[in-house]
Amino acid sequence: MSTDIAFSLGVLALLGTRAPLSLKVFLTAFAIVDDIGAITVIAIFFTETINWVNLGVGVGLLFLLVALNVSGVRNTLVYFLVSVVIWVSFFESGIHATVSETQRGVLEELEDASKEVESPLQRLEHVLHPWVAFAIMPVFALSNAGVSLGEGAAGALASPVTVGIIVGLVIGKPIGIILFAWIAVKTGIASLPRDISWVQIAGAALLGGVGFTMAIFVTGLAFTDEALVLQSKLAILIASLAAGALGYLLIRYSRDIESRLE
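Residues numbered from 1 in each chain as written. Predicted model: local features only at pLDDT ≥ 70, side-chain atom pairs only at ≥ 80, totals over all residues. Heavy atoms only, no water.

1. Comments concerning the overall build of the protein
Secondary structure summary: the protein contains 12 helices and 0 strands in total. When the helices and strands of the protein are listed from N to C terminus, the series reads α-α-α-α-α-α-α-α-α-α-α-α. Residues classed as buried in the protein amount to 37% of the 262 residues present. Here the analysis covers contacts within the protein between residues at least 6 apart in sequence; of these, 80% occur between residues at least 24 apart. For the protein, the exposed area adds up to about 14500 Å²; of that, 70% sits on carbon and sulfur atoms. (Helix = DSSP H or I, 4+ residues; strand = E, 2+ residues; numbered from the N terminus. Buried < 20%, exposed > 50% of the residue type's maximum accessible area, 1.4 Å probe, protein only. Contact = heavy atoms within 4.5 Å. Areas by Shrake-Rupley, 256 points an atom, 1.4 Å probe, with all protein chains shown as cover.)

2. Remarks on the UniProt feature "transmembrane region" (unreviewed entry) in the protein
UniProt's entry tags residues 28-46, 53-71, 77-95, 161-185, 197-222 and 234-251 with the feature "transmembrane region" (unreviewed entry), counted in the numbering of this structure. For residues 28-46, the end-to-end C-alpha separation is 26 Å, with 95% helix and 0% strand making up the annotated structure. Between the end C-alpha atoms of residues 161-185 the distance is 34 Å, and the span holds 100% helix and 0% strand. (UniProt positions renumbered as here; feature names shortened; annotations may be inferred.)

3. What about the side chain of S2?
By the element assignment, S2 lies in the segment before α1 (5-15). In terms of polar contacts, S2 uses its side chain to reach the side chain of D35, at 2.6 Å. (Polar contact = N/O pair within 3.5 Å; in protein donor to acceptor, adjacent residues only side chain to side chain.)

4. Focus: the pattern of salt bridges
The final tally for this structure, using the stated rule, is 1 salt bridge. Here K173 ties to D34 by a salt bridge, and the two come within 3.1 Å at their closest N and O atoms. In this pair, K173 sits in helix α8 (residues 160-186) while D34 sits in helix α2 (residues 21-45), placing the two residues 139 residues apart along the sequence. Across this residue pair, the class does not change: K173 and D34 are buried. (Salt bridge = Lys/Arg side-chain N within 4 Å of Asp/Glu carboxyl O.)

5. What about helix α11 (residues 226-252)?
Taking 1.5 Å of rise per residue, the 27 residues of α11 would be expected to cover 39 Å, and the 39 Å separating its terminal C-alpha atoms lies within 8% of that figure. By the N-cap criterion, in which a side-chain oxygen at the helix start approaches the backbone nitrogen of a residue two or three places on, α11 is capped by D225, the distance to A227 being 2.8 Å. (Expected span 1.5 Å × (residues − 1).)

6. Section: the side chain of S240
Summarising the element assignment, S240 is placed in helix α11. Look past the residues within four positions of S240 in its chain and what remains in contact with it is G209, V210, G211 and F212.

7. A short note on the nonpolar core
One recurring pattern in soluble globular proteins is that nonpolar side chains are buried together. Of all hydrophobic cores here, the largest spans 14 residues; its most connected members are L12, L15, L23, L27, L207 and I251. Elements supplying a minimum of two residues to this core: α1, α2 and α9 (198-207). Top element by residues in this core is α9. It accounts for 4 residues. What L207 contacts, discounting residues up to four positions off in sequence, is T3, S8, V11, L12, L27, A243, G244, G247, Y248 and I251. By size, the runner-up hydrophobic cluster in this structure holds 11 residues, among which are A43, L62, L68 and V82. (Core = buried A, V, L, I, M, F, W, Y, C linked by side-chain atoms within 4.5 Å.)

Below, the structure written as structure tokens:
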């Protein structure tokens, strides 16, 4: 369900000026919605008991952060202290610990998508970004993948679980993103930015199929059978690589494709 924002935006970064800013905003926006969906699934299906008081405190402080940002508060220390209390509140609420990390990540992604005002969160992000992008994320991805390419891998490729995940990430999810974007434009809910085309939208939708880190993490929560875990991880790895490569190529050669379609 969740789009791996770090890797998908990394692909767009490789495209340079071929990927307009509005396309990056589009990808970030639907990826944030994906993250919210993934958080909801983890909170509902992988949490045994919930302390509603602590959860209420955490949610209330999230709204407080939004209010502080809207009101123009730019003191980094204030945001840091409130964020620490939010993390502790979510952790003590009993919700799976990943939600505490993921909800913070969603806020940071939302802050990054807003380019009009330089907020304290963005200043912190600029400092930490090189470490996260080039050290923490690659190590996290590789350590959580744990995909064995031994004898069992060949048999896993024919598994319905493997096929289902690959089809879902590479075909199903992009179709859903394109379809609902088209419906939004046709009904007037949204408008297509002038600097991007439907071919580029399709490319970004394919990048939505890059579900690497969070998808592998949820696999560990959902399955206890080692065979199913292997099949799922292998499928996620294959699907993420395929979706990333196809999305990259579609956006890179979007102008050539559009000229041939005209």
